[in-house]
Amino acid sequence: ALCHDIGLRSGRYAEEWPMMQPSVAKMRYLTSAQSGDVSRRMAMSADIVLHPGQSIKRAAHSLPPGGGKLYLLDGEYRVADSLVISRDNVQIIGQSRRGVVIIRSTETTSPMVKIAGNKVSLENMSFHDGSTVSVGSLQTVRIEGDDCRVEDCVFTDGYYAIYAVGCERLYLEGNRVEASELGSGASVHLESVSYSIVTGNNLRSSGRDLLFHDSSNNVCIGNVIGGGLSVRQTGTSGSNQVAANAS
């Protein structure tokens, strides 16, 4: 539907749009009974179901070479140093976006989560970057792979909530950035990114802009920015469709 609404039925977007369709039913639109039923079905379809306190890194590394699905039950999961997802075709899905909380447990300048594989998705969870290291490049989720997605996630603290570099066909939808002490810069930073879609995200209370740097042929539509912030384009950015982003 979005593809039709923003007039991208032709050209490269039309060819690549099927890969960017949401892969999981949006539980935020369901009743509690329906949501519980969806949770049970998704847990049954997962390759590995994790309980609070178990290692996401260990579970991700134990998936088969072709990838797979991790389902996180509500609770806290701690990340020491950095969670690196280098395998392709990995889905990490939370039971509920406020109930599943990923917490950085060490002081480090590494990204809290680094996505190096292609077709990796993070869905329906919260990230709390508890590092107090004062570094202007501290990243909660760093994305380097193609065809990756971050959907229905909540970000608190940190410096960059999402930092994507050198990738194509990124899909960001329904995320909320709530950090209030991030300094200057961008809460979502997209650098050398192309043919990607950013829609339905809420950055109103982040205190930071959304930035495209050296990025072209992307769509940024229907986001809530607010607070005097904006969608900024710097460097060689061009041919990006930026529209209907509410203040």
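Because the structure is predicted, anything quoted here is derived from the model rather than measured. (Residues numbered from 1 in each chain as written. Predicted model: local features only at pLDDT ≥ 70, side-chain atom pairs only at ≥ 80, totals over all residues. Heavy atoms only, no water.)

Some words on the overall build of the protein chain
Next up, step 1: From N to C terminus, the protein chain includes 4 helices and 21 strands.
Next up, step 2: A buried classification covers 49% of the 247 residues belonging to the protein chain.
Next up, step 3: Contacts spanning at least 24 positions in sequence make up 55% of the contacts within the protein chain whose residues lie at least 6 apart.
Next up, step 4: Total accessible area on the protein chain stands at roughly 10,400 Å², and carbon and sulfur atoms take up 48% of it. (Helix = DSSP H or I, 4+ residues; strand = E, 2+ residues; numbered from the N terminus. Buried < 20%, exposed > 50% of the residue type's maximum accessible area, 1.4 Å probe, protein only. Contact = heavy atoms within 4.5 Å. Areas by Shrake-Rupley, 256 points an atom, 1.4 Å probe, with all protein chains shown as cover.)

Things to note about the sheet that holds strand β20 (residues 231–234)
Next up, step 1: The sheet built from 7 strands is open, its strands ordered β4-β7-β10-β13-β16-β18-β20 with parallel pairing. Each edge of the sheet is formed by a strand with only one pairing partner; in this case those strands are β4 (83–85) and β20. Across this sheet, the average inter-strand angle for adjacent strands is 15 degrees, counted without regard to direction.
Next up, step 2: As judged from the 4 bridges shared by strand β10 (residues 139–143) and strand β13 (residues 160–165), these two strands associate in the parallel manner. When the sheet's bridge partners are listed, R142 is paired in β13 with Y163. (Pairing = 2+ DSSP bridges. Axes fitted to C-alpha atoms, helices over the stretch in contact; angles between N-to-C directions.)

Things to note about the nonpolar core
Inside soluble globular proteins, nonpolar side chains tend to come together where they are buried.
Next up, step 1: One finds I102, F127 and I143 to be the most contacted residues of the largest nonpolar core, which totals 45 residues.
Next up, step 2: Ignoring sequence-local partners within four residues, the contact set of I143 consists of I115, C148, V150, I162, Y163, A164, V165, C167 and L170. (Core = buried A, V, L, I, M, F, W, Y, C linked by side-chain atoms within 4.5 Å.)

A closer look at the sheet that holds strand β12 (residues 154–157)
Next up, step 1: The 5 strands lie next to each other as β3-β6-β9-β12-β15, forming an open sheet whose pairing is parallel. Since the sheet does not close on itself, it has two edges, and those belong to β3 (75–79) and β15 (176–177), each with one partner.
Next up, step 2: Sheet analysis places strand β6 (residues 100–104) next to strand β9 (residues 126–129), joined by 3 bridges and oriented parallel. Bridge assignment links I102 to a residue of β9, and that residue is F127.

Observations regarding the packing of aromatic side chains
Next up, step 1: Tallied over the entire structure, the rule returns 2 aromatic pairs.
Next up, step 2: Summarising the aromatic geometry, the rings of F127 and F155 are spaced 5.2 Å apart at their centres and angled 10 degrees between planes, so their arrangement reads as stacked. Of this pair, F127 sits in strand β9 while F155 sits in strand β12, and the two are 28 residues apart along the sequence.
Next up, step 3: Note on F127: relative accessible area 2%, which makes it buried.
Next up, step 4: For F155, a relative accessible area of 1% translates into the label buried. (Phe/Tyr/Trp six-rings, centres within 6.5 Å; stacked < 30°, edge-to-face > 60°.)

A word on the side chain of T199
Next up, step 1: In this fold, T199 is placed in strand β17 (residues 197–199).
Next up, step 2: From its side chain, T199 meets the backbone oxygen of I221 in a polar contact 2.9 Å long. (Polar contact = N/O pair within 3.5 Å; in protein donor to acceptor, adjacent residues only side chain to side chain.)

Thoughts on the environment of V141
Next up, step 1: With respect to the helices and strands, the residue V141 is situated in strand β10.
Next up, step 2: What makes V141 buried here is its relative accessible area of 0%.
Next up, step 3: Taking the C-alpha atoms as reference points, V141 and I162, 21 residues apart in sequence, are found 5.0 Å from one another.
Next up, step 4: When sequence neighbours within four positions are dropped, the list of residues in contact with V141 reads V113, I115, L122, F127, F155, A161, I162 and Y163.

Quick word on the pattern of salt bridges
Next up, step 1: Enumeration over the complete set of coordinates arrives at 8 salt bridges.
Next up, step 2: A salt bridge links E168 to R169; its shortest N-O distance comes to 2.9 Å.
Next up, step 3: Residue classification places E168 among the partly exposed positions, given a relative accessible area of 22%.
Next up, step 4: The class for R169 is buried, based on a relative accessible area of 12%.
Next up, step 5: Overlapping salt bridges, with partners in common, bring together R98, R176 and E178 in one network. (Salt bridge = Lys/Arg side-chain N within 4 Å of Asp/Glu carboxyl O.)

So, the pairing of strand β2 (residues 68–72)
Next up, step 1: Across the 5 residues that make up β2, a large majority, 5, are buried.
Next up, step 2: Residues G68, L70 and L72 of β2 are buried on one face, and the alternating residues K69 and Y71, pointing to the opposite face, are buried as well.
Next up, step 3: Of the pairings in the sheet, the one linking strand β1 (residues 48–50) to β2 comprises 3 bridges and is parallel in character. When the sheet's bridge partners are listed, L50 is paired in β2 with L72.
Next up, step 4: In this structure, β2 lies alongside strand β5 (residues 90–94), joined through 5 bridges in parallel fashion. Bridging across to β5, K69 finds its partner in Q91.

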